[in-house]
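Structure assessment
Residues per chain are reported as follows:
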Amino acid sequence: MLSKNYTVHGTVRNPLDEKYEHLKKLEKASEKLKLFKADLLDYESLRAAIDGCDGVFHTASPVPPTSVPDPEVELIKPAVDGTLNVLKACCEVNVKKVVYVSSGAAVAFIPNRPQDRPMDETFWSDQEFCRSNNHWYCLSKTKAESEAWEFSKKNEGYEELENRLRMIVDVRDLAEALILVYEKPEANGRYICTTHLIRSKEIVDILKKHYPDYKYPKKFTESKDNSSLTSKKLQELGWSYRPIEETLVDSVENYAQNGILE
Ligand SMILES: NC(=O)c1ccc[n+]([C@@H]2O[C@H](COP(=O)([O-])OP(=O)(O)OC[C@H]3O[C@@H](n4cnc5c(N)ncnc54)[C@H](OP(=O)(O)O)[C@@H]3O)[C@@H](O)[C@H]2O)c1
């Protein structure tokens, strides 16, 4: 990241430890690398490191070379609570994107692994299987990743949105408008193709009615811009359009089918 000219906030547990000296020798480190003292279980230390960042790469997690006496305390707690602390701090300081490093350990520890094909991202390690076989590191990574997904489902989205006047046209209505102006002999000159004038809050209200479980903005700020366009000329030519509810619901269904929304 330094060689790509990013400013980097790194976290280390003890900045005075000489094991971090090599970091300070990295290209551009003197201008662009700042090391913060932070521990996964110390929320405020993480928040201070994350504050001011656009993106966060969460890689820290206990990776013991051998077995540990108390896996719940030494492995699972820092992995799970640490991940949730990082994500909470990211939300609080409005980080735009988080890249989370999980592990094959969260994928492949299942009874009866398939022998005829490689395992892909749809596979999840079985937590009970990990526990009963003392695969504590695998359990820590599996639990941490699954809790990270749960957290992100509940906490995605903008807290606050401007209640702007929006102009929305359904792509299917737009296609019909194009054909209409092509086929109608009297069609002539410029045509504006836009339909529903609707505020952000009204869109959210419609979506909430159909999809109550998505995360929505909690607050709307007033917008000063009330300018809009009209498609009166196109409507006089014979163009009509679907209700906004149909456009919004079909859009969400389409995004879900194509994996853009979960
Ligand atoms: N190595 C692999 O084969 C492999 C494979 C797949 C995924 N991964 C994942 O890749 C990531 C990095 O692993 P690695 O292999 O590079 O192991 P690593 O060298 O042991 O790195 C783990 C880092 O996490 C930090 N850490 C551990 N507990 C912490 C805590 N309570 N607070 C703050 N920092 C803490 C450690 O800091 P200290 O330096 O202070 O100890 C260390 O720098 C981990 O998430 C691991 O699960 C590793």
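All values reported here derive from a predicted model rather than from experimental measurement.

Comments concerning the site of the ligand
Around the ligand, 16 residues are found, and the nearest of them are Arg13, Leu40, Thr59, Tyr137 and Lys141. In the model, an oxygen atom of the ligand is placed 3.1 Å from a nitrogen or oxygen of the Tyr20 side chain. Within the backbone of Ser61, one N or O atom sits 3.2 Å away from an oxygen atom of the ligand. Out of a free accessible area of 870 Å², the ligand has 59% covered by protein chains. Counted by class, the shell around the ligand contains 8 nonpolar, 4 polar and 4 charged residues.

A look at the side chain of Thr247
In this fold, Thr247 is placed in helix 10 (residues 244-257). A polar contact is formed between the side chain of Thr247 and the side chain of Asp170, at a distance of 2.8 Å. When sequence neighbours within four positions are dropped, the list of residues in contact with Thr247 reads Ile168, Asp170, Arg172 and Arg242.

A word on the side chain of His196
Considering the arrangement of structural elements, one finds His196 in strand 7 (residues 196-199). Taking relative accessible area as the criterion, His196 reaches 14% and is therefore assigned buried. In terms of polar contacts, His196 uses its side chain to reach the backbone carbonyl oxygen of Arg242, at 2.9 Å. Discounting residues that sit within four places of it in the chain, His196 has contacts with Arg166, Met167, Ile168, Tyr241, Arg242, Pro243 and Ile244.

Quick notes on helix 10
Look at helix 10: 20 Å from first C-alpha to last across 14 residues, which is about the 20 Å you get at 1.5 Å a residue. Contacts made by the buried residues of helix 10 are with strand 6 (165-168), helix 7 (171-183), strand 7 and helix 8 (200-210). Trailing helix 10 by a residue or two, Gly259 shows a phi angle of about 75 degrees, which is positive.

Focus on the UniProt feature "domain: 3-beta hydroxysteroid dehydrogenase/isomerase" (unreviewed entry) in the protein chain
In the numbering adopted here, UniProt assigns the feature "domain: 3-beta hydroxysteroid dehydrogenase/isomerase" (unreviewed entry) to residues 22-148. Secondary structure across residues 22-148 divides into 44% helix and 10% strand, with the first and last C-alpha atoms of the span separated by 31 Å.

Focus on the packing of aromatic side chains
Scanning the model with the defined rule gives 2 aromatic pairs in all. With a centroid separation of 5.9 Å and 50 degrees between ring planes, the pair formed by Tyr211 and Tyr214 is classed as tilted. Given the relative accessible area of 27%, Tyr214 is considered partly exposed. A ring pair is formed by Trp239 and Tyr241, whose centres lie 5.4 Å apart and whose planes are at 50 degrees; its orientation type is tilted. For Trp239, a relative accessible area of 5% puts it in the buried group. Its guanidinium or amino end placed over the ring of Tyr43, Lys88 lies 4.3 Å from that ring's centre, counting from NZ or CZ.

Side note on a nonpolar patch on the surface
Residues Met1, Tyr6, Phe57 and Val99 make up a contiguous nonpolar surface patch of roughly 400 Å² in combined accessible area. When you line up the elements, Tyr6 lands in the segment before strand 1 (8-12).

Some points on the nonpolar core
Judged by nonpolar contacts, Ile168, Ile198, Ile203, Val204, Ile206, Leu207, Tyr211, Tyr216, Ile244, Leu248, Val249 and Val252 together constitute the single largest core of 12 residues. Mapped onto this core, the elements with two or more residues apiece are helix 8 and helix 10. For Leu248, the residues in contact, after removing those within four places along its chain, are Ile203, Ile206 and Leu207. With 11 residues, the next largest nonpolar core counts Ala38, Val56, Ala89 and Val95 among its residues.

Cut-offs and rules
One numbering rule holds for all chains: residues counted from 1, following each sequence as written. Local features in this predicted model are restricted to residues of pLDDT 70 or higher, and side-chain atom pairs are both shown and tallied only at a pLDDT of 80 or more, whereas totals for entire chains, interfaces and linings draw on every residue. Side-chain figures throughout are based on the complete set of non-hydrogen atoms in the structure, without hydrogens or water. Residues are classed as near a molecule or strand on a simple rule: at least one heavy atom within 4 Å of it. Two N or O atoms count as a polar contact when they lie within 3.5 Å, although within protein this holds only if one can serve as hydrogen donor and the other as acceptor, and sequence-adjacent residues are included solely when both atoms are side-chain atoms. Accessible surface area values rest on a Shrake-Rupley calculation with a 1.4 Å probe, where residue burial reflects the displayed protein chains alone. The nonpolar class holds Ala, Val, Leu, Ile, Met, Phe, Trp, Tyr, Cys and Pro. Asp, Glu, Lys and Arg form the charged class, and all remaining residues, Gly among them, are polar. Helical segments are the DSSP runs of H or I of at least four residues, strand segments are the runs of E of at least two, and each set is numbered from the N terminus. The contact rule is simple, with two residues in contact once any of their heavy atoms fall within 4.5 Å. Burial classification: accessible surface area is computed with a 1.4 Å probe over protein chains only, and a residue below 20% of its type maximum counts as buried, one above 50% as exposed, and the rest as partly exposed. What a helix is expected to span follows from its residue count: subtract one and scale by 1.5 Å. UniProt positions are given in the numbering used here, feature names are shortened, and annotations may be inferred rather than shown by experiment. Any two of the Phe, Tyr and Trp rings considered here, Trp counted by its six-membered ring, make a pair once their centres fall within 6.5 Å; the pair's planes then place it as stacked at under 30 degrees, edge-to-face at over 60, or tilted in between. Look at NZ for Lys and CZ for Arg. If either is within 6 Å of the ring centre and within 35 degrees of the ring normal, a charge sits over the ring. For patch building, the residue pool is restricted to those with more than 30% relative accessible area and no salt bridge; the joining distance is 9 Å between like charges and 5 Å between nonpolar side chains (Val, Leu, Ile, Met, Phe, Trp, Tyr). Whenever a carboxyl oxygen of Asp or Glu lies within 4 Å of a side-chain nitrogen of Lys or Arg, that contact is scored as a salt bridge. In plain words, nonpolar cores are sets of buried Ala, Val, Leu, Ile, Met, Phe, Trp, Tyr and Cys residues tied together by side-chain atoms within 4.5 Å.

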